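Structural features, examined
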Amino acid sequence: MTGTLINETNSDMFLPAVPAEALVASDIFIGVTDDETDTACGVLAAEAIGDHILAIRFMWVAEEYRGRGAGTELVLTFMEAAEIMDAASVVCVHSRGNVSDGVAETLEKCGFVRDDEQTSHIYAVSMSELGDGVKGAVDNAPAGIRICPLSKIDDKQWQVGGLNWKSADGPAAGFRAFARRRGSYDTELSFAALDKQENIVGILLGTRNGSEYEFQTLSAMGEQSPRILLALIDHAMGMAARVLGSEGRIIISPVTQHSMKLFEQITEGAYIMVGETALYTYTWLT
């Protein structure tokens, strides 16, 4: 197996074999070929999420080539590129649906360490289990705060808000699973809370997959953050109820403990655990 950086000179070889979801919101692509057949058989997609931090967003190997070292070659080639780019650390969120089986083992084999403190559970609630108050999306935002869909936030406003984001739970909390590109999310079912100066003071970012709508990032700033979070969740659930109908369900993945309590309050405990999200990290020793 041979790993290589995918660029304009070799993209024609790799891209036809790459699942479409791997191409979303990625800054770096690594491909792997089988030496015997010279066939493209896997790809790794990564994104820059902060100063000198790279996140592996997707890793895929064709089924017939699994178990032959293709995944390991992808990760090791990517780590070489990350070191050349002066990345201080690399992270990978191993979760239901975003990576294939065997990725956790591959990451550990390549020197990644599971961060149990950052590992969390994934919960789901059926729209049919929610009360009428939630389905009506009561707007309970604090005075001077308005909830706006991500589709209405312009590029400049998003970049400024993203680069300066700090949450009430500490500077790092706002960056967890926070892809900078708005195209990573369903812009009609993701929301920002804006203050009177049009600054972003809260975000709920999610994606839709068929009848499922998943909260991926949920955080807010300032003394009013509990009410901002409540308004964001309420607004998103109400909109999801209209879009998905009673057959849909909402998935909530990595969020703060406080946000989870609000989710439990709104759903009145009518949710179940459906999986786990584990954070793997690799840091170069200085």
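Reference entry: report on the structure contained in this document. (Residues numbered from 1 in each chain as written. Predicted model: local features only at pLDDT ≥ 70, side-chain atom pairs only at ≥ 80, totals over all residues. Heavy atoms only, no water.)

**Section: helix α6 (residues 225–244)**
Between the first and last C-alpha of α6 there are 28 Å, a value that for 20 residues agrees with the 28 Å anticipated at 1.5 Å per step. Of all 20 residues in α6, 15 are buried; the element is thus mostly enclosed. Taken from the residues just after α6, Gly245 is the one with a positive phi, measuring 75°. (Helix = DSSP H or I, 4+ residues; strand = E, 2+ residues; numbered from the N terminus. Expected span 1.5 Å × (residues − 1). Buried < 20%, exposed > 50% of the residue type's maximum accessible area, 1.4 Å probe, protein only.)

**Here we look at unusual backbone geometry**
Phi at Asp86 takes a positive value of approximately 65°, unusual for a residue other than glycine. Looking at the secondary structure, you find Asp86 in the loop between α2 (70–84) and β5 (89–94). A residue is classified by how much of its surface remains accessible, and Asp86, at 56% relative accessible area, is exposed. Backbone geometry at Glu198 places phi at a positive 65°, although glycine is not the residue there. Tracing the backbone shows Glu198 in the loop between β8 (191–194) and β9 (200–209).

**Considering the nonpolar core**
Ranked by internal contacts, the top residues of the largest apolar core, which has 37 residues, are Leu44, Ile56, Val75, Phe78, Val90, Leu107 and Phe112. For this core, the elements supplying multiple residues, two or more each, are β2 (28–34), β3 (39–50), β4 (53–61), α2, β5, α3 (103–109) and β12 (272–283). Aside from chain neighbours lying at most four places away, what touches Val90 is Leu54, Ile56, Phe78, Met79, Ala82, Phe112, Tyr280, Thr281, Tyr282 and Trp284. One finds Ala141, Leu230, Ala231 and Phe263 within the second-largest nonpolar core, a separate group that totals 33 residues. (Core = buried A, V, L, I, M, F, W, Y, C linked by side-chain atoms within 4.5 Å. Contact = heavy atoms within 4.5 Å.)

**Remarks on the environment of Ala192**
Take Ala192: it is sitting in strand β8. In this structure, Ala192 is in contact with Arg146, Ile147, Cys148, Ile153, Ile200, Gly202, Ile203 and Leu232, ignoring residues within four places of it in sequence.

**As for the environment of Asn199**
Following the sequence through the fold, Asn199 ends up in the loop between β8 and β9. Distance from Asn199 to Ile145, taken between C-alpha atoms, is 9.8 Å for residues 54 residues apart in sequence. In contact with Asn199, not counting residues within four places along its chain, are Ala193 and Leu194.

The values reported here are purely geometric and, on their own, carry no functional implication.
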